[in-house]
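# Fold and contact review
Listed here are the chains, written in short residue letters.
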Amino acid sequence: MKDLSLHLMDIVQNSITAGADHISLNLSIDQNPHWLICEIIDNGCGMEAEFLEKVTDPFKTTRTTRDVGLGLPLLKLSAEMTGGKLALESEPGKGTTVRATFSIGHIDRIPLGDIPGTITMLIATHPHILWTVNFTSDRESFILDTDTIKKELDDVPITHKDVLEWIQNTISEGIRAVFGGVLDEVN
């Protein structure tokens, strides 16, 4: 995968398939040392410990349409290519946390990609899910919570074109405010 937004979309699809109705997408920068941390937390069905140990093997998948699952193995490879790592926590009935760390200055760190567009598309196609988006750095933080947005909308659906445009623009502004100047390809 050529950017982080594509990894994010792929991993979130696993959360949706696992029946999650609350998904948190967290991007943060740890300045000491310089790490970009991407975390996806869901309240889906979770995984048994035995399956969790093998989930980064591309030939171990829950998919029934094919015998290969590349999402987590490719995310792990992208992180490890920068000196980072992939960490997974999961408990049956409680959900899963996927955490990938990337060295910010490493030449092999993949770009962010279209994070605002990807998150907006996920919200638009799965409006029943409670989405929480967090961006943090040592200088700033940003949070977007679809439950809070829905309460303010009265009878306007979150999937309304103008609402989705506002969400995408707000996420773009949040990325610029939190990561601008630190990540070179910030949208």
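This text follows the structure it describes.
Residues numbered from 1 in each chain as written. Predicted model: local features only at pLDDT ≥ 70, side-chain atom pairs only at ≥ 80, totals over all residues. Heavy atoms only, no water.

This next bit is on the sheet that holds strand E6 (residues 141-145). Spatially, six strands are ordered E3-E4-E2-E1-E5-E6 in an open sheet, and the strand pairing comes out mixed. Two strands close off the open sheet at either side, each with one partner strand: strand E3 (85-91) and E6. Each strand of the sheet is rotated relative to its neighbour by a mean of 10°, with strand direction disregarded. Sheet topology places strand E2 (residues 35-42) next to strand E4 (residues 95-103); eight bridges connect them, and they run antiparallel. Within E4, the residue paired with Ile41 across the bridge is Thr97. Each of strand E1 (22-30), E2, E4 and strand E5 (130-136) touches helix H1 (residues 4-17); the most contacted strand, E2, lies at about 20° to it. On the sheet, helix H6 (residues 161-179) packs against E1, E5 and E6 and is oriented at approximately 160° with respect to E6. (Pairing = 2+ DSSP bridges. Helix = DSSP H or I, 4+ residues; strand = E, 2+ residues; numbered from the N terminus. Axes fitted to C-alpha atoms, helices over the stretch in contact; angles between N-to-C directions. Contact = heavy atoms within 4.5 Å.)

Right, let's talk about H1 for a bit. Given 3.6 residues per turn, any residue in an α-helix points the same way as the ones three and four places further on. With 14 residues, H1 should cover 20 Å at 1.5 Å per step; its first-to-last C-alpha distance of 20 Å lies within 8% of that length. Turning to H1, its buried residues are Leu4, Ser5, His7, Leu8, Asp10, Ile11, Val12, Ser15 and Ile16. Just past H1, the residue Gly19 takes up positive phi, approximately 85°. (Expected span 1.5 Å × (residues − 1). Buried < 20%, exposed > 50% of the residue type's maximum accessible area, 1.4 Å probe, protein only.)

On to the packing of aromatic side chains, then. Considering all chains together, one arrives at two aromatic pairs under this definition. Relative to Phe142, the ring of Phe135 lies with its centre 5.2 Å away and its plane at 15°, an arrangement referred to as stacked. The same class applies to Phe135 as to Phe142, namely buried. Grouped by ring-pair contacts, the aromatic residues Phe135, Phe142 and Phe179 constitute a single cluster. (Phe/Tyr/Trp six-rings, centres within 6.5 Å; stacked < 30°, edge-to-face > 60°.)

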